[in-house]
Amino acid sequence: MPVDKISGMLGLCRKAGKLVLGFDITVDAIVKKNACLVLLAKDASPRTAREINKVAQEASLPARVLPLTMDEIGYAVAKRAGVLAVCDSGFANRIDELLCNGAEGAETKQAHRDQTARIQEGNA
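Residues numbered from 1 in each chain as written. Predicted model: local features only at pLDDT ≥ 70, side-chain atom pairs only at ≥ 80, totals over all residues. Heavy atoms only, no water.

J.: Any chance you could explain the pattern of salt bridges here in plain terms?
T.: Pairs may arise between side chains of opposite charge once their charged atoms sit close together. Applying the stated criterion to the full structure yields four salt bridges. The closest approach of N and O atoms between Arg64 and Asp96, which form a salt bridge, is 2.5 Å. Pair noted here: Arg64 is in strand E3 (residues 63-65) and Asp96 is in helix H5 (residues 89-101), with a separation of 32 residues, a long-range link. According to the relative accessible area criterion, Arg64 is buried, its value standing at 15%. Between Arg94 and Glu97 there is a salt bridge whose closest N-O contact spans 2.6 Å. In this pair, Arg94 and Glu97 both sit in helix H5, three residues apart, roughly one turn of the helix. According to the relative accessible area criterion, Glu97 is partly exposed, its value standing at 40%. (Salt bridge = Lys/Arg side-chain N within 4 Å of Asp/Glu carboxyl O. Helix = DSSP H or I, 4+ residues; strand = E, 2+ residues; numbered from the N terminus. Buried < 20%, exposed > 50% of the residue type's maximum accessible area, 1.4 Å probe, protein only.)

Below you can see the structure in the form of structure tokens.
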């Protein structure tokens with residue numbers, strides 16, 4: 001999976017002002033219909049994943065698990081966070097494409113789909 005590309009895209013999105021970091025601010029962006037894509041760090045707590053997924057599902061937004069830890073996200077965007085929202089459809093589509101199609105090998109793609117499904121069920 002192109003982790004460097006995802007990190008770079010998150011950094012660019014942050015510099016453009018189209019990335020929201022943190023649980024409460026992400027929920028606000030979802031409720032105000034500003035968010036296009038919800039992202040979770042791979043080490044986000046199950047409770048956080050379950051709660052943010054519930055809000056995202058109510059708004060019919062996709063929620064994806066990043067192949068990055070909270071510390072790695074912090075390095076990429078200069079702020080440590082486990083929950084993010086992308087508020088631009090172009091950035092959201094590109095990040096989603098990198099997450100879903102950028103996985104190398106059938107096993108990795110299936111593992112990503114399984115992990116995303118677990119998050120969407122709230123059982124991470």
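J.: Explanation requested: the nonpolar core in the structure shown.
T.: Most often, soluble globular proteins keep nonpolar side chains buried together rather than apart. By size, the foremost hydrophobic cluster in this structure holds 22 residues, and its most contacted members are Leu10, Leu19, Leu39, Leu66, Val86 and Ile95. For this core, the secondary-structure elements that each account for two or more residues are helix H1 (3-15), strand E1 (19-21), strand E2 (37-40), helix H4 (70-77), strand E4 (83-86) and H5. For this core, the element with the most residues is H5, which contributes five residues. When near neighbours in sequence (up to four residues on either side) are disregarded, Leu10 contacts Leu19, Leu39, Leu66, Leu68, Val77 and Ile95. Residues Val20, Ala44, Ile52 and Val55 belong to the second largest nonpolar core, which totals 16 residues. (Core = buried A, V, L, I, M, F, W, Y, C linked by side-chain atoms within 4.5 Å. Contact = heavy atoms within 4.5 Å.)

J.: I'm lost on the pairing of E2 in this one. Help?
T.: Side chains Leu37 and Leu39 of E2 all project onto a buried face; the interleaved residues Val38 and Leu40 project onto the opposite face, where all are buried too. Pairing between E2 and E4: four bridges, direction antiparallel. In the sheet register, Leu40 faces E4, and the bridge partner there is Val83. Looking at chain direction, E2 and E3 are connected through three bridges and run parallel. Directly across from Leu40, in E3, lies its bridge partner Val65. Of the crossover connections in this fold, the one passing from E2 over helix H3 (residues 46-58) to the parallel E3 is right-handed. (Pairing = 2+ DSSP bridges. Right-handed = clockwise from strand over helix to strand, strands pointing away.)

J.: Explain the state of the cysteines to me, please; I cannot follow it from the model alone.
T.: By definition, a disulfide links the sulfur atoms of two cysteines through a covalent bond. As enumerated under the stated definition, the model contains zero disulfides in all. The thiol sulfur of Cys87 is not disulfide-bonded, and the nearest other cysteine sulfur, from Cys36, lies at 6.7 Å. (Disulfide = S-S within 2.5 Å.)

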